[in-house]
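Chain by chain, the residues:
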Amino acid sequence: MKRSIDLGLLFSCSGNYRLLSTASLAGARAAIAAIDADDTRSVRFEPLLRDPEGRTERYAPLAEEILRNGAARHVIGCTTSWSRKEVIPVLERFGGMLWYPCPYEGFESNEQVVYMHACPNQHLVPLLAHVIPRIGRNGFLVGSNYIWGWETNRVARDVIGDAGGEVLGERYLPLGDTDVSRLIAEIRATRPNFILNNLIGPSSYAFFEAYGRLGEDDEHFSPERCPILSCNLTEIEPPGDRPFRRRPSLRRSVVRAGGGRGGGRHGFRAGSRRRPRGSGILVLHRRLQCRDRPRGPSRGHERSSRACRSGLYGPAFRHPLWPDRDRPGKSACQPAGEDRPRQGRALRGGRGKPGPRRSRPVSVALRPGLHLRPADPEGGLMTRRARIPNLGGATAYVLHRSHPATAPLMRQLGAIGLVAIEFWPELPAEALGADFCFFDADLGFDEQFPWKPGEAPMPLIAMIGSEAPGRIEWALAQGADSHLVKPVGNSGIYAALLIARRGFEARRALAAEVETLRSRVSERQTIVRAVVALSSGGVGEERGYGQLRALAMSWQVSIEEAARRIVELERGERREQPVAK
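Keep in mind that this is a model prediction, so the values were computed, not measured. (Residues numbered from 1 in each chain as written. Predicted model: local features only at pLDDT ≥ 70, side-chain atom pairs only at ≥ 80, totals over all residues. Heavy atoms only, no water.)

Chemist: Describe the overall build of the chain, with residues and values.
Modeler: Scanning the chain for helices and strands turns up 18 helices and 23 strands. Buried positions account for 50% of the 581 residues belonging to the chain. For the chain, the share of sequence-separated contacts (at least 6 apart) that also reach a separation of at least 24 residues comes to 64%. Total accessible area on the chain stands at roughly 27800 Å², and carbon and sulfur atoms take up 50% of it. (Helix = DSSP H or I, 4+ residues; strand = E, 2+ residues; numbered from the N terminus. Buried < 20%, exposed > 50% of the residue type's maximum accessible area, 1.4 Å probe, protein only. Contact = heavy atoms within 4.5 Å. Areas by Shrake-Rupley, 256 points an atom, 1.4 Å probe, with all protein chains shown as cover.)

Next up, the structure:
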């Protein structure tokens with residue numbers, strides 16, 4: 001008799017991205033059915049399906065319901081990066097494992113998540129390396145207003161900049177928003193060489209329709225001259241009744257990053273209608289590697305999860321879709337690890353050549369003589385300084401009384417990747433090491449902070465509900481670098497963080513420059529005394545100043561430091577002279 005294993009399925013069957021979710025769910029169900037029908041297997045899966053309905057705030061409670069009330073320790077699901085980040089704290093608390101089947105933006109490595117799909121150096125960087133030499137360097141970036149769009153476009157900006165190109169525009173739409181008229185107008189005005197589309201769901205489908213009409217009106221936006229690039233568009237999108245399905249020319253205008261069979265020499269496909277299969281089958285077949293591990297109460301389940309993580313690096317196995325190919329386990333799906341963002345293939349001249357699957361930096365030739373800098377061996381996708389900083393892992397203190405209005409702020413900070421800590425009424429001493437501080441401008445007072453007004457050691461973000469002049473003046477006196485208007489929603493927080501950090505760094509740099517100038521002004525009297533000492537032999541002030549400059553260059557110090565040494569030498573000589581009686 002087969003042993004039953006509970007397996008969580010967390011997919012949205014409704015909402016903005018239901019097409020992606022239902023396709024992934026269908027693959028997982030097909031895999032479960034195939035394994036249950038195999039008489040050679042000693043186990044069968046008991047699926048526990050939960051439907052978040054496309055609502056981000058429902059993912060964490062439903063994941064907790066699967067792990068707390070059932071015997072499942074593995075969950076397959078989550079379609080967006082936002083939902084994945086919502087689930088991670090629950091996985092860490094209950095010792096669960098999430099199998100994430102969709103492309104993700106990188107810059108995250110969690111031991112409770114198996115990232116089964118590609119990250120930017122495996123889809124976006126090779127895609128741009130393929131397109132830029134053939135189409136052009138100037139791009140227009142569009143995306144949905146959440147983590148996937150932000151981080152993917154951040155990498156794209158770096159790649160385009162390294163290629164000598166220019167980002168002609170970067171615009172975001174809320175999830176599910178279908179008003180793309182402004183995007184189309186800006187694209188028409190800027191006339192880029194290509195468009196990188198990171199929109200999802202209905203927003204993406206509406207954009208395809210509008211762009212198809214634009215291509216019919218203006219020859220510049222034909223598929224051959226200005227294609228749409230996408231790293232998250234699949235063959236099951238858009239819906240079958242959309243013009244994207246009915247217009248072959250519009251299908252050809254979309255270049256998708258995708259490897260595997262039928263991917264062509266470069267691993268990129270244009271407008272294919274072939275439906276994807278097998279990611280769920282592959283996941284569950286790998287899951288069977290730990291089927292014979294002992295099961296029991298919580299400790300047994302934890303051992304099973306750890307054993308499953310280590311089993312992913314096991315020996316070669318036969319791929320369930322292509323049985324004529326043996327593939328090593330590590331190339332199929334990998335648990336999170338510090339080498340995850342750097343795995344992929346090296347490209348030369350835009351052409352991919354599969355190499356050994358070992359951890360190494362990515363090098364992409366975008367044009368003759370121009371290469372991306374190799375990755376730092378200690379981590380990171382590129383060593384080039386990011387124009388927009390990655391906020392993952394930063395700490396934010398929220399100085400606000402406990403209130404339901406702060407729940408969206410705490411949830412969004414966690415989704416962005418920050419560790420958010422809520423305090424009231426006073427900040428503890430350890431808050432001095434925080435990266436950001438949000439404070440209530442309506443009820444705040446000076447004694448809440450362990451520093452003097454205007455001397456905060458981190459960026460400050462004021463949460464303003466009342467526009468009373470006195471409260472705004474107090475917030476400005478504290479040195480607020482940015483602000484949020486209460487009630488705080490899901491939008492505007494990421495922008496406030498970036499603006500606050502930029503303002504804080506500019507203010508700190510200005511303060512350091514002012515302090516340097518003040519120091520130099522205070523040393524002016526010392527320079528005058530040194531010049532007088534050097535010109536005491538009748539050589540003149542101009543020549544004495546020339547000697548001071550020469551000494552400063554010889555000693556390799558500033559002119560102020562050289563003057564200070566000369567004055568000290570003069571004082572020493574005076575003390576050594578005998579006093580006349």
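From this point, things continue past the structure.
Chemist: Please give an account of unusual backbone geometry that cites residues and values.
Modeler: Along the chain, Trp424 connects to Pro425 via a cis peptide bond; the corresponding omega equals 10°. For Pro425, the location among the structural elements is in the loop between strand E20 (419–423) and strand E21 (436–440). Each neighbour pair has its own omega, and for Lys486 with Pro487 the value is 0°, a cis peptide bond. Examined against the element boundaries, Pro487 turns out to sit in the loop between strand E23 (482–485) and helix H15 (493–522).

Chemist: Summarise the confidence of the model for the chain; cite the residues concerned and give the values.
Modeler: This prediction gives the chain a mean pLDDT of 75; 72% of its residues lie at or above 70. Model confidence for the chain, summarised as mean pLDDT per element, is weakest for strand E17 (residues 365–367) at 33 and strongest for E21 at 95. In this model, residues 241–252 is a region of pLDDT below 50 whose contacts with residues beyond four sequence positions or in other chains number 32 contacts. The model gives residues 259–303 a pLDDT under 50, and that stretch makes 111 contacts with residues more than four places away or in other chains. (pLDDT = per-residue confidence, 0-100.)

Chemist: Before we move on, could you go through the packing of aromatic side chains and cite the residues and values that matter?
Modeler: Here a ring pair, both rings aromatic, is described through the centre-centre distance and the interplanar angle of the planes. What the rule picks out here adds up to 10 aromatic pairs. Seen from their ring centres, Tyr104 and Tyr115 are 4.5 Å apart, and the 20° between their planes marks the pair as stacked. You can see Tyr104 sitting in the loop between strand E4 (97–100) and strand E5 (113–115) and its partner Tyr115 sitting in strand E5, a full 11 residues away along the chain. Given the relative accessible area of 0%, Tyr115 is considered buried. Joined through ring pairs, the aromatic side chains of Phe439, Phe449, Trp451 and Trp474 make up one cluster. The residue whose ring lies beneath Arg84 is Tyr100, and the NZ or CZ to ring-centre distance is 4.8 Å. Lying across the ring of Trp474, Arg471 places its NZ or CZ 4.9 Å from the centre. (Phe/Tyr/Trp six-rings, centres within 6.5 Å; stacked < 30°, edge-to-face > 60°. Lys NZ or Arg CZ within 6 Å of the ring centre and 35° of its normal.)

Chemist: Requested: an account of helix H2 (residues 59–69), with residues and values cited.
Modeler: For H2, every residue scored as buried is listed here: Tyr59, Ala60, Leu62, Ala63, Ile66 and Leu67. Its buried side turned inward, H2 meets strand E1 (3–10), strand E2 (43–50), strand E3 (74–77) and helix H3 (81–94).

Chemist: Please give an account of the sheet that holds strand E22 (residues 460–464) that cites residues and values.
Modeler: On the basis of which strands lie adjacent, the open sheet formed by 5 strands has the order E20-E19-E21-E22-E23 and parallel pairing. Two strands bound the open sheet, and with one partner strand each, they are E20 and E23. On average, each strand axis in the sheet is tilted by 20° relative to the strand beside it, whichever way the strands run. Across 4 bridges, strand E19 (residues 395–399) lies against E21 in parallel orientation. Each bridged residue has a counterpart across the sheet, and for Val398 the counterpart in E21 is Phe438. Seen against the sheet, H15 touches E21, E22 and E23 and runs at an angle of roughly 160° to E23. (Pairing = 2+ DSSP bridges. Axes fitted to C-alpha atoms, helices over the stretch in contact; angles between N-to-C directions.)

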